[in-house]
2 protein chains.
Amino acid sequence: MHRLAFEKIEEILFDILKNHDFSEKRARLIAKTHTQSSCDGVYSHGLNRFPLFMDYVERGWIDVTAEPERVGSFGALERWDGKLAPGVSNAHHCTERAIELAREHTLGCVALRNTNHWMRGGTYGWQAAEEGKIALCFTNTKPNMPPWGGRENRIGNNPFVIAIPRKKGHVVLDMATSQFSFGKINTYKLKNESLPFAGGWDKEGNLTKNPEKILATGQAVPAGYWKGSALTMVLDMLAALLSAGKPTHEIDDNKEVGICQVFICIDPEKFSNRDLKDQLLDDIISYVHDVPARKQGDRTFYPGEQTLATRNDHLENGIPVSESVWEAIMGLS
Amino acid sequence: MHRLAFEKIEEILFDILKNHDFSEKRARLIAKTHTQSSCDGVYSHGLNRFPLFMDYVERGWIDVTAEPERVGSFGALERWDGKLAPGVSNAHHCTERAIELAREHTLGCVALRNTNHWMRGGTYGWQAAEEGKIALCFTNTKPNMPPWGGRENRIGNNPFVIAIPRKKGHVVLDMATSQFSFGKINTYKLKNESLPFAGGWDKEGNLTKNPEKILATGQAVPAGYWKGSALTMVLDMLAALLSAGKPTHEIDDNKEVGICQVFICIDPEKFSNRDLKDQLLDDIISYVHDVPARKQGDRTFYPGEQTLATRNDHLENGIPVSESVWEAIMGLS
């Protein structure tokens, strides 16, 4: 593990993308997005994921030059076809459109089909919040989780994001509907530690905290058990219905392309004074921060708080990059 | 426990409400809503809750004749003041408005402040779905759950609802952000059974499955642990911000009035053919239904499926009412 400067990482990713027929603008956006995710501590969808993204590019599963196309416009809602272009540039574009629709109608929604993995969902929450907008975004995925009561992966862990702009630090909730991501489960395995709570099923069909056993079955548990299972099913229905795209069960387990996403934005400047808004958010946060700790050393956080602290640390001291990931990336150039 | 016909229960509640200065129309709506919740198996917010609702009425905490007022109109978003009128009639009215806004703009949002407990959140999901609309609704509550890492109740269990209309049975997700409602925890206590998973904290600050110990501290655990804790915080922020109403920490623990709710509706008829929509939903449901069972006898359900089955049974065979609840209700007349 060593630390590298944001700009250095970004330039190297940019060069790799340029060498693979990405336009300058798109290469810049994608290089910056992956670097930002690692900078924010979401390594799994930042640098660690970059080699897999490039593998999809090299297989021709992602169309690096395709442009998303608006295929329907219905008042405050638009429908776009992602044309299998990169997930990051498609999602960035659709967030921009949802922001525009929110400027026009106070709230707007863009539903996107035939797109690809958006990497870290929080990216689009931060993007909207930087523009002063509230965002609610979600994606479907391939089947990677068993529905409650079943023992095969038939639902996705469909991540969703809710972001609220705030001067002292945006509030950004970015969560998958599984209790732990596979990236997190793998981290516990590498440290030879148990998960703090059951994170999936072993091959005998029992819930377990053992990361190795969960990785062996590939069966993560939904967050909130039956609740996360139900929520994720509804998100898949909405994503496919609003975009007229593919639901989870039509997405190939070994080739996760052509998924659907939804981007809803709200413009708070239409109905609220920025200072009053921030005062409200600060008050809610203070009240929760001030709670007596459950155990000595425990702290409560608002969603996005730890991300911002990590970002600031990494901007000052460099972004930690594992040697093996860095080697894989250098091998792409 | 005996069973009573829907119409009989509804008439008795109607008469009680009429005797307490409710208008005929409002008495009809509230009587029907409470009866429907029990009919759908949500006893905790149906008949069981009616005496507490009437207690709030008798204390003058609910204004039985006040009418909600539109205080802002911003494109596809409206802001309403509930004037402390009954939560059910306010929420019903605002769902109607959100449906209207969705008809006009494809999606619409109503944010409501100074309202009261909406009883069962699913009510408004079913209402929108009956009108062919998709709905996403949420409410804040008094502080009734500790934030993750803290040991005092400082967040609400802010229920939310997502509904999608479907001919063979609407999909309606209706969930609080706690893993178990206090109503459910109490049911386990009465049966002298353990919860299947940790549902809250005991007075030593340990997570426990013992319903009695959780009821003693009043500290339920968020669904998905840190995830539900973060989600509910963001829902409170959105509810208070969009409506310019009170956040959870300003709501009195012993007098839960003046809360906020948000109703977002989408009109799928604007962008999708009804048969194709239903085919998509049926396909997703079939795929999940057909999963091999985790354990013999396990079944998977779509959100709303068990509600509909319960409703059909109760319409045919009567609605189960506990003697003590019925006695309390008869004492109100």
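Residues numbered from 1 in each chain as written. Chains lettered and ligands numbered in written order. Predicted model: local features only at pLDDT ≥ 70, side-chain atom pairs only at ≥ 80, totals over all residues.

1. Thoughts on the overall build of chain A
In step 1: A count of helical and extended segments in chain A gives eleven helices and eleven strands.
In step 2: Taken over C-alpha atoms, the radius of gyration comes to 20 Å for chain A, in line with the 20 Å a tight globule of 333 residues would show.
In step 3: The C-alpha extent of chain A, read off along each of the three principal axes, is 55 × 55 × 45 Å.
In step 4: Per-residue burial over chain A gives 56% buried out of 333 residues. (Helix = DSSP H or I, 4+ residues; strand = E, 2+ residues; numbered from the N terminus. Rg over C-alpha atoms; globule rule 2.2 N^0.38 Å. Buried ≥ 20, exposed ≤ 12 C-beta atoms within 10 Å, placed from the backbone.)

2. Quick look at the sheet that holds strand E7 (residues 171–175) of chain A
Residues and elements named next belong to chain A.
In step 1: One open sheet accounts for seven strands, arranged E2-E3-E4-E10-E5-E6-E7; its pairing is mixed. Either end of the sheet is taken by a strand with one partner, and the two such strands are strand E2 (69–74) and E7. Within the sheet, the average angular offset between the axes of one strand and its neighbour, ignoring direction, is 10 degrees.
In step 2: With five bridges joining them, E2 and strand E3 (residues 77–81) adopt antiparallel strand pairing. Residue pairing across strands places Glu69 opposite Asp81, the latter belonging to E3.
In step 3: The sheet strands contacting helix H4 (residues 87–105) are E3, strand E4 (107–115) and strand E10 (259–266), and the helix crosses E4 at an angle near 160 degrees. (Pairing = 2+ DSSP bridges. Axes fitted to C-alpha atoms, helices over the stretch in contact; angles between N-to-C directions. Contact = placed C-beta atoms within 7 Å.)

3. Side note on the relation of the copies chain B and chain A
Relating the two copies of this chain is a rotation about some axis coupled with a shift parallel to it.
In step 1: Least-squares fitting of chain B to chain A yields an RMSD of 0.0 Å, with the transformation described by 0.0 Å of translation along the axis and a rotation of 180 degrees. Considering both components of the superposition, the chain copies are consistent with a two-fold axis. Residues of chain B ranked by C-alpha distance from the rotation axis are headed by Gly224 of chain B, positioned 2.0 Å from it. (Least-squares fit on C-alpha atoms with pLDDT ≥ 70 in both.)

4. Some points on helix H1 (residues 6–18) of chain A
In step 1: When the terminal C-alpha atoms of H1 of chain A are compared, their 18 Å separation across 13 residues agrees well with the 18 Å that a helix rising 1.5 Å per residue should span.
In step 2: Elements that come into contact with the buried residues of H1 of chain A comprise strand E1 (2–4), helix H2 (24–39), helix H3 (50–58), strand E11 (319–321) and helix H11 (323–330) of chain A. (Expected span 1.5 Å × (residues − 1).)

5. What about the domain arrangement of chain A?
All names here are of chain A.
In step 1: The domain boundaries assigned to chain A delineate domain 1 (1–65 + 303–333), domain 2 (67–177 + 229–271) and domain 3 (179–221).
In step 2: Computed from C-alpha coordinates alone, the two centres of domain 2 and domain 3 are separated by 27 Å.
In step 3: Each partner contributes residues to the interface: domain 2 has six residues there, and domain 3 has five residues.
In step 4: Classifying every residue of the side of domain 2 that touches domain 3 by side-chain character gives three nonpolar, two polar and one charged. (Domains from an automatic or database assignment. Nonpolar A, V, L, I, M, F, W, Y, C, P; charged D, E, K, R; others polar.)

6. Regarding the interface of chain B and chain A
Frequently, the measure chosen for interface size is the accessible area that the parts lose on association.
In step 1: In this assembly, 65 residues from chain B lie in contact with 65 residues from chain A.
In step 2: Counting only elements with at least two residues in the side of chain B that touches chain A, the list comes to strand E2 (69–74), strand E3 (77–81), strand E4 (107–115), strand E6 (160–164), strand E7 (171–175), helix H8 (226–243) and helix H9 (274–289) of chain B.
In step 3: Ranked by residues supplied to the side of chain B that touches chain A, first place goes to H8 of chain B with eleven residues.
In step 4: Among the residues making up the side of chain B that touches chain A, the classes are represented as 39 nonpolar, 13 polar and 13 charged.

7. Quick notes on the sheet that holds E6 of chain B
Residues and elements named next belong to chain B.
In step 1: The seven strands lie next to each other as E2-E3-E4-E10-E5-E6-E7, forming an open sheet whose pairing is mixed. The open sheet has two edge strands, E2 and E7, and neither has a second partner. Ignoring which end each strand starts from, the neighbouring axes of this sheet average 10 degrees apart.
In step 2: Here four bridges tie strand E5 (residues 134–139) to E6, and the two strands are oriented antiparallel to one another. The residue bridging Phe138 from the neighbouring strand is Phe160, located in E6.

8. Regarding the nonpolar core
In step 1: By size, the foremost hydrophobic cluster in this structure holds 185 residues, and its most contacted members are Ala135 and Cys265 of chain A together with Ala135 and Cys265 of chain B.
In step 2: Beyond its immediate chain neighbours, meaning those up to four positions away, Ala135 of chain A contacts Tyr124, Gly125, Ala128, Ala129, Val161, Ala163, Phe263, Ile264 and Cys265 of chain A. (Core = buried A, V, L, I, M, F, W, Y, C linked by C-beta atoms within 7 Å.)

9. Some details on the environment of Tyr287 of chain A
In step 1: Of note, Tyr287 of chain A is situated in helix H9 (residues 274–289).
In step 2: Given 19 C-beta atoms within 10 Å, Tyr287 of chain A falls into the partly exposed group.
In step 3: Those residues in contact with Tyr287 of chain A that sit more than four places away from it in its chain are Arg154 and His249 of chain B.

10. A short note on the packing of H2 of chain A against H4 of chain A
All names here are of chain A.
In step 1: Look at H2 against H4: their axes get within 9 Å of each other, and the N-to-C directions meet at 95 degrees. If you check the angle between H2 and H4, you find them roughly perpendicular. Together, Arg26, Leu29, Ile30 and Thr33 of H2 and Val88, Ser89 and His92 of H4 make up the contact between the two elements.
In step 2: Taken together, the residues that form the contact of H2 with H4 break down as three nonpolar, three polar and one charged. (Parallel < 35°, antiparallel > 145°, perpendicular 65-115°, else oblique.)

11. Section: the packing of H1 of chain A against H2 of chain A
Residues and elements named next belong to chain A.
In step 1: Contact geometry of H1 with H2 gives a least axis separation of 8 Å together with a crossing angle of 140 degrees. The angle between H1 and H2 places the two elements in the oblique class. In the crossing of H1 with H2, the sense of the turn from one axis to the other is right-handed. Residues Phe6, Ile9, Glu10, Leu13, Phe14, Leu17 and Lys18 of H1 form the contact with H2, whose participating residues are Glu24, Ala27, Arg28, Ile30, Ala31, Lys32, His34, Thr35 and Cys39.
In step 2: Split into classes, the residues belonging to the contact of H1 with H2 amount to nine nonpolar, two polar and five charged. (Left-handed = near helix turned anticlockwise from the far one by under 90°.)

12. Describing unusual backbone geometry
Residues and elements named next belong to chain A.
In step 1: In the Ramachandran plot, Tyr225 falls in the positive-phi region, its phi being about 55 degrees despite a non-glycine side chain.
In step 2: Assignment of secondary structure puts Tyr225 in the loop between helix H7 (211–217) and helix H8 (226–243).
In step 3: With phi around 55 degrees, Ala244 is a residue other than glycine that occupies positive phi space.
In step 4: Inspection of the secondary structure puts Ala244 in the loop between H8 and E10.
In step 5: The exposure class of Ala244 is buried, given the 20 C-beta atoms found within 10 Å.

13. Overview of the environment of Thr106 of chain B
In step 1: Looking at the element boundaries, Thr106 of chain B is found in the loop between helix H4 (87–105) and E4.
In step 2: Residues Thr106 of chain B and Leu190 of chain B lie 84 residues apart in sequence; the distance between their C-alpha atoms is 47 Å.

14. Side note on the environment of Phe180 of chain A
All names here are of chain A.
In step 1: Relative to the helices and strands, Phe180 resides in the loop between E7 and helix H6 (182–190).
In step 2: Judged by C-beta crowding, with 25 C-beta atoms within 10 Å, Phe180 ranks as buried.
In step 3: Considering only alpha carbons, one finds Phe180 and Leu195, 15 residues apart in sequence, at a separation of 8.9 Å.
In step 4: Once you skip the residues sitting within four places of it in the chain, Phe180 turns out to touch Ile185, Leu195, Gly199 and Ala220.

15. Thoughts on the confidence of the model for chain A
In step 1: Across chain A, pLDDT averages 97, with 100% of residues at or above 70.
In step 2: Two summary scores accompany this predicted model of the complex, namely pTM at 0.98 and ipTM at 0.98. (pLDDT = per-residue confidence, 0-100.)

16. Things to note about H3 of chain A
Residue and element names in this part refer to chain A.
In step 1: Burial in H3 covers these residues: Phe50, Phe53 and Val57. In an axial view of H3, the angular spread of the buried residues amounts to 60 degrees, which keeps them on one side of the axis. Looking at H3, the residues exposed on the side facing more than 90 degrees away from the buried face are Leu52 and Glu58.
In step 2: Buried-residue contacts for H3 involve H1, H2 and H11. (Arc of directions from axis to C-beta.)

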